[in-house]
Amino acid sequence: MLKFWKKKPVTDEKDSPQEVEGRITPIASEIDETAIPPGHVAPNGSLPIMPVPREPLDTDPVTDNPAAEVGQAGAGEDETPQADGASWRKRLGGSGFAKSLSSLFARNPVLDEALLDELEICLIGADVGVAASAELIDALRQRVAKREFADADGLLAALREQLVTLLRPVELPLDVSTHAPFVILTVGVNGVGKTTTIGKLAHHLIADDRSVLLAAGDTFRAAAVEQLRTWGERNNVPVVAQASGSDSASVIFDALQAARAREVDVMIADTAGRLHTQGGLMDELAKIRRVLGKIDANAPHEVLLVIDGTTGQNAISQVRQFMQAIGVTGLVVTKLDGTAKGGVVFALAREFGLPIRYVGLGEGIADLRQFDAEAFVDGLLPPTLGAAVDG
């Protein structure tokens, strides 16, 4: 027997998602009157809010791994020390950036011009970019000429210092307390992990005592709606969704109305993956902004562009195009624990100066980390040459 949303007496506490058996969306005549403002019905005649069960899932929606192994990652030590150096080194130590630089210093312990030349080539190969790499090496060359370093260990320490300095300006945490509900619109090309990022971000916000509502704005891919519902179940938060092929702006419009009616703290909207060269789909993002503006002139309050860390220098053109289309306010760089070289983070920081809100350091639900410049550099580079040789 299905348990639908029922009207409840007014209390001092906010409503929490109710449990249902199954994943059936109740029809409009059975909705909670507080879910959608009077007189407003979703375009398909159904209530877009999906109540979700509290039981954990058996499998991870992305990797199909058991939830006990992946989905529960946030319940242990992995979730708490977000800036813990050892944890970041464990996640980033296998990146192309970390391996190439550690190997370089281990092979060339002598401080000379050849080491600087190899270091510049190494930085460019790690996706730091030609301009940023040249600036870093030129600064180091000047300090070497002034004999500021006694050996290559000193050069390594100086490089770490310069990399942290480059990233400090973009180390700006996301503040969702400025508006209520705070609207986050996630955008990006296909396959970067937008929906997964939303699920992990919801987990992060809930841990910070924020109420969350998700909007399944990726209506072009049926699997995306189901995937977001799965994340909603895992996090025990409601999901606003309509039938596949529905107008994305309409879904997100309904979601914002529902979030306002229920006094939700944060609404996170998914959007269809699109290439930055697809003009029609990019125009749709502008439409979403216009539609949201009819309810809240400041919405969306954050436009998070999700970047795949394995993309390399192509990430630069992606950011540029999305900035022109909708105005990006923050970045999330994913998949940095795998084959990503990692240097693209430095290239993005130098080129755009956009806040890097989070980085993805694994598949677990708690592996979306708030960006920490010092921890990031520490994860990529050993503190000393001895550590590089031991590694």
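Reading the values: the criteria
- Residues numbered from 1 in each chain as written.
- Predicted model: local features only at pLDDT ≥ 70, side-chain atom pairs only at ≥ 80, totals over all residues.
- Heavy atoms only, no water.
- Buried < 20%, exposed > 50% of the residue type's maximum accessible area, 1.4 Å probe, protein only.
- Helix = DSSP H or I, 4+ residues; strand = E, 2+ residues; numbered from the N terminus.
- Pairing = 2+ DSSP bridges.
- Phe/Tyr/Trp six-rings, centres within 6.5 Å; stacked < 30°, edge-to-face > 60°.

## Description of the pairing of strand β5 (residues 266–269)
Working step 1: Every second residue of β5 is oriented toward a common face, with V266 and I268 on one face and M267 and A269 on the other, all of them buried.
Working step 2: The pairing of strand β2 (residues 182–187) with β5 spans four bridges and is classified as parallel. Looking at β5, one finds that I184 is bridged to I268.
Working step 3: Relative to β5, strand β3 (residues 212–215) runs parallel, the two being bridged by four bridges. Counterpart to A215 in the pairing with β5 is A269.

## Digging into the packing of aromatic side chains
Working step 1: Enumeration over the complete set of coordinates arrives at two aromatic pairs.
Working step 2: Relative to F376, the ring of F346 lies with its centre 5.8 Å away and its plane at 50°, an arrangement referred to as tilted. Of this pair, F346 sits in helix α11 (residues 344–352) while F376 sits in helix α12 (residues 373–380), and the two are 30 residues apart along the sequence. Each member of the pair, F346 together with F376, is buried.
Working step 3: A centroid spacing of 5.6 Å and a plane angle of 55° characterise the contact between F371 and F376, whose relative ring orientation is tilted.
Working step 4: On the accessibility criterion, F371 (4% relative accessible area) is buried.

Spatial relationships are all this shows, so hold off on functional conclusions.
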